[in-house]
Amino acid sequence: AARKDPSQPDPRQQHQAPTSIADVDDFNSNTTVGYILMFNSTVAQYPFYGENHATALKLAVDEAALALSTGRPGARLSAAVREFPRPPNRLAGVDMAGGQAGIFFYVPPMVAFFHTLTELVDEKERRVRLGMHMMGLSAGAFWSAELVKSVVISAAIAMETVAAGAAFGFDVFDATTPLATVPLFFLFTLAMCAVAACVSAFVGSTRTAQSVGYGLIIVGFVFQALLSGLYGLLVDVLTNPTNSPAVVAVVSFIKLWPPLHLAKGYYQISYFASKRINLSEGVVSTNGGFGVQDLWRFHERNTLVSGVVVEPLVYTLGWLAALCAAYGALAVYLDAV
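The structure displayed is predicted, hence computed values, not measured ones. (Residues numbered from 1 in each chain as written. Predicted model: local features only at pLDDT ≥ 70, side-chain atom pairs only at ≥ 80, totals over all residues. Heavy atoms only, no water.)

With respect to the overall build of the protein chain
- Counting secondary structure elements, the protein chain contains 11 helices and four strands.
- Expressed as a percentage of contacts within the protein chain between residues at least 6 apart in sequence, the contacts between residues at least 24 apart total 75%.
- In the structure as shown, the protein chain presents an accessible area of about 19900 Å², 65% of it carried by carbon and sulfur atoms. (Helix = DSSP H or I, 4+ residues; strand = E, 2+ residues; numbered from the N terminus. Contact = heavy atoms within 4.5 Å. Areas by Shrake-Rupley, 256 points an atom, 1.4 Å probe, with all protein chains shown as cover.)

Laid out in structure tokens, this is it:
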């Protein structure tokens, strides 16, 4: 092994004790030391923003050390305390409902779906409809009454959802014409009631209907969470009219699921109405609100994925209306065969 050069200092002995005021011969010199205490206010404590007295404790320790070093019991230090600088919040005022609530506004209409499914299956299981048919009730009268009930429930859910959103001050409702939000939630709820009528034709017991209903709601919620990320970017990419024919064919099949159109319509409105995070610039931006003229307005999204063309809201409302008619007619047909 190589021998250590005795002329070189041992690295372990390079750390010397700091010089204290006691090392100074002239104790009559000015011992006032000015310094700034920096304290990390993000350290976990309770209460979170409460005073933990770390600065006062540090000052007391320094004064005791100074008194011990100088032999002057009355030695005192002065310290200036200042708040740690905080940058302005660039995301102040962002409307979180415009970005994330597309997931949760999916839930109230699904309550109507579950109620319709279980009620229709229960009537079939208890043979209530058969008894009413034997007493002269036609199938047309039964489904007409079911349609009226579904329309009333859908209208109530739509108006209550819009009213609640406006009451809580969500920009996606406050800065949007009701001619956009009310039809969107109304048609989606009505479409899900029609889907429930179709599903009831394949279910024989109420317990099975409850299991199927819960399963579809949970799976749909996960599906909705995927579609609602990044202000509905995925649903806009999937439904981009400039996609290849193969992608358009696959997405046309997915469009048969009404919640896809709820996500698409909600973020078509949110794009114009809500204060949203500009992901490319890291600031909050807004497009001034969603008016009647925006119902027929195309727009283009260039955030993260460039060249995404978004169709007008009337296209989405048209799809939902078509699904209401298609699933309703299919339910009547399945009931008759």
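Next, the rest of the story.
Some points on the packing of helix 7 (residues 178–200) against helix 10 (residues 258–273)
- Interaxial distance between helix 7 and helix 10 falls to 10 Å at its minimum, and their mutual angle equals 175°. The orientation of helix 7 with respect to helix 10, classified from their angle, is roughly antiparallel. For the pair helix 7 and helix 10, contact is made by Ala180, Thr181, Leu184, Phe185, Phe188, Ala191, Met192 and Val195 and by Pro258, Pro259, His261, Leu262, Gly265, Tyr266 and Ile269, respectively. (Axes fitted to C-alpha atoms, helices over the stretch in contact; angles between N-to-C directions. Parallel < 35°, antiparallel > 145°, perpendicular 65-115°, else oblique.)

With respect to the state of the cysteines
- For the structure on display, the rule yields zero disulfides.
- The closest cysteine sulfur to the non-disulfide-bonded Cys324 is located on Cys193, 8.7 Å from its own sulfur. (Disulfide = S-S within 2.5 Å.)

Points about the nonpolar core
- Counting 45 residues, the largest nonpolar core has Phe185, Tyr266, Ile269 and Phe290 as its most contacted members.
- Mapped by element, the contributors of at least two residues to this core are helix 3 (107–125), helix 5 (139–167), helix 6 (171–174), helix 7, helix 8 (206–238), helix 10 and helix 11 (313–336).
- For this core, the leading source of residues is helix 7, giving 12 residues. (Core = buried A, V, L, I, M, F, W, Y, C linked by side-chain atoms within 4.5 Å. Buried < 20%, exposed > 50% of the residue type's maximum accessible area, 1.4 Å probe, protein only.)

Focus on the side chain of Thr181
- Looking at the element boundaries, Thr181 is found in helix 7.
- Residue classification places Thr181 among the buried residues on the basis of a relative accessible area of 3%.
- Excluding residues that lie within four positions of it along the chain, Thr181 makes contacts with Val162, Val172, Phe173, Thr176 and Ile269.

Quick notes on the confidence of the model for the protein chain
- Model confidence for the protein chain is summarised by a mean pLDDT of 79, while 81% of its residues fall at 70 or above.
- Long-range and interchain partners of residues 9–31, a stretch whose pLDDT sits below 50, account for 16 contacts in this model, where long-range means more than four residues apart. (pLDDT = per-residue confidence, 0-100.)

A closer look at the pattern of salt bridges
- For the structure shown, the criterion picks out four salt bridges.
- The residue Asp122 makes a salt bridge to Arg126 at a minimum N-O spacing of 3.0 Å.
- By relative accessible area, which is 23% here, Asp122 ends up partly exposed.
- Given a relative accessible area of 53%, Arg126 falls into the exposed group.
- Its salt-bridge partner being Glu146, residue Lys149 comes within 3.1 Å of it at the nearest N-O pair. (Salt bridge = Lys/Arg side-chain N within 4 Å of Asp/Glu carboxyl O.)

Here's the deal with the environment of Asn240
- Relative to the helices and strands, Asn240 is located in the loop between helix 8 and helix 9 (245–254).
- With a relative accessible area of 7%, Asn240 lands in the buried category.
- Of note is the side chain of Asn240, whose polar atom sits 3.4 Å from the backbone nitrogen of Val309. (Polar contact = N/O pair within 3.5 Å; in protein donor to acceptor, adjacent residues only side chain to side chain.)

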